[in-house]
Amino acid sequence: MNKRQIMEKIYWLGAVDWDRRLFDSLIPLPDGTTYNAYLVEGSEKTALLDTVDPSMSDELMAQLDGFPRIDFIVSHHAEQDHSGAIPRVLKRFPEAKVVATPKAKGMLMDLLKIPDSAFVTVQDGETLSLGDKTLKFIYTPWVHWPETMVTYLQENKSLFSCDFFGSHIATTDLFVTDQGRVHEAAKRYFAEIMMPFRSAIEKNMSNLKGYDIQMIAPSHGQIYDRPAWIMDAYRDWVTGPPHNVVVLPFVSMHGSTRQLVDHLTSALVGHGVRVELFNLTVTDIGKLAMALVDAATVVVGAPTVLGGPHPLAAYATLLANALRPKAKFLSIIGSYGWGGKTVETLAGMIPNLKVEVLEPVLCKGLPSETDFKALDRLAGKIAQKHKDNDFK
Ligand code: FEO
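Residues numbered from 1 in each chain as written. Predicted model: local features only at pLDDT ≥ 70, side-chain atom pairs only at ≥ 80, totals over all residues. Heavy atoms only, no water.

Undergrad: Got a sec to walk through the sheet that holds strand 13 (residues 158-162)? Specific residues and values, please.
TA: Reading across from one edge, 10-11-12-13-14 is the order of the five strands in this open sheet, with mixed pairing throughout. Lying at the two open borders of the sheet, with one neighbouring strand each, are strand 10 (127-129) and strand 14 (215-218). The mean inter-strand angle of the sheet, taken between neighbouring strand axes irrespective of direction, is 25°. Here strand 10 runs beside strand 11 (residues 134-139); their pairing, made up of three bridges, is antiparallel. What sits directly across from T127, in strand 11, is K136. (Pairing = 2+ DSSP bridges. Helix = DSSP H or I, 4+ residues; strand = E, 2+ residues; numbered from the N terminus. Axes fitted to C-alpha atoms, helices over the stretch in contact; angles between N-to-C directions.)

Structure (structure tokens):
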């Protein structure tokens, strides 16, 4: 892909990765992704904001062919999908200085072996003049690592946000064209890598309040030329109350746990609670992460196998613990053959979750009428808890 002009003297550079299906060997990317870099040409100096994943650095280097000089390479984030091509850019433009937070500098030196002499570090709120354009650096830790910052281009009222507000979508559209699609992709992205850092993100959002932001240019996905909606969406995901939703990841080996899941689902729906089921043998784990953004309650459906929870249920529970959703209640349902420690094992896997654990329902083999009645009680309790908390 060739470079593309966004505004006068501001260009999109980068690469569209149509084929990538997994990030960090963990996060599903059903729609691929982009690695966006931006080039800002001031009247006196030129700055490159971020680079691309090393696997696609040839594209970036070709796009830089027409530019005789780069004075600054702004590194918002040390992760390789944005910083991995910095060594190659520095080789072509040895006069360039890498602009980063002190923390990012240390990480880039460790991760990419960029020498100390290549850096200029900046403080929160510091500005850098390119002549007729001014870059202002705003620290935004934990979007998505502790060293991250964003750049506000003052004259153009534009925010270059790196991972913050990003979405994994491979597309040739430079700006958001399908808000619904981007909303889903951005929510998936938030759920998978930013949800655990909600309090830091709340602070970052608050720090951005004083800026007139007319465009957000993230380093993944499309550019927001009407950014209000994505900032509103982030506010809801970060600080909004949980919704009247139960997320129910489950696995069933011989159908008994499935019967429990189906009965509980019907009972909850009867109480006016929305339920999202995820059969862990077929589910896209990113969809589960997305559902966790809003859910008030998580119920794990886990049969007992080899004396403990089914490994797929254990994986979903560990993932929920790592993502730290804002759910307030949790329960466990499942069947067993002769015994085991499913409840104790799963309960021990969620130290990060600030949840009230509601009475689990475990049955021996196929569920009996007594088990179904216990599920009815659990559904009633969940619905009442949601009502008491005014979750909508
Ligand atoms: Fe897109 Fe945290 O890297």
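Undergrad: Got a sec to walk through the packing of helix 6 (residues 198-207) against helix 7 (residues 228-239)? Specific residues and values, please.
TA: Contact geometry for helix 6 and helix 7: axes closest at 9 Å, N-to-C directions at 145°. The hand of the helix 6/helix 7 crossing is left-handed. For the pair helix 6 and helix 7, the contacting residues are R198, I201, E202 and M205 in the first and M231, Y234, R235, W237, V238 and T239 in the second. Class assignment of the residues belonging to the contact of helix 6 with helix 7 gives a composition of six nonpolar, one polar and three charged. (Left-handed = near helix turned anticlockwise from the far one by under 90°. Contact = heavy atoms within 4.5 Å. Nonpolar A, V, L, I, M, F, W, Y, C, P; charged D, E, K, R; others polar.)

Undergrad: Describe the nonpolar core, listing the residues and the values that go with them.
TA: Membership of the largest hydrophobic core comes to 63 residues, with the highest contact counts inside it found for F164, F165, I230 and Y234. If you tally residues by element for this core, the top one is helix 5 (residues 179-194), at eight residues. Viewed by domain, this core spans two of them, domain 1 (4-239) and domain 2 (245-388), each represented by three or more residues. If near-sequence neighbours (up to four positions away) are discounted, Y234 is found in contact with F164, F165, G166, F190, M194, I201 and M205. Membership of the second largest hydrophobic core comes to 31 residues, among which are M61, V89, V98 and A100. (Core = buried A, V, L, I, M, F, W, Y, C linked by side-chain atoms within 4.5 Å. Buried < 20%, exposed > 50% of the residue type's maximum accessible area, 1.4 Å probe, protein only. Domains from an automatic or database assignment.)

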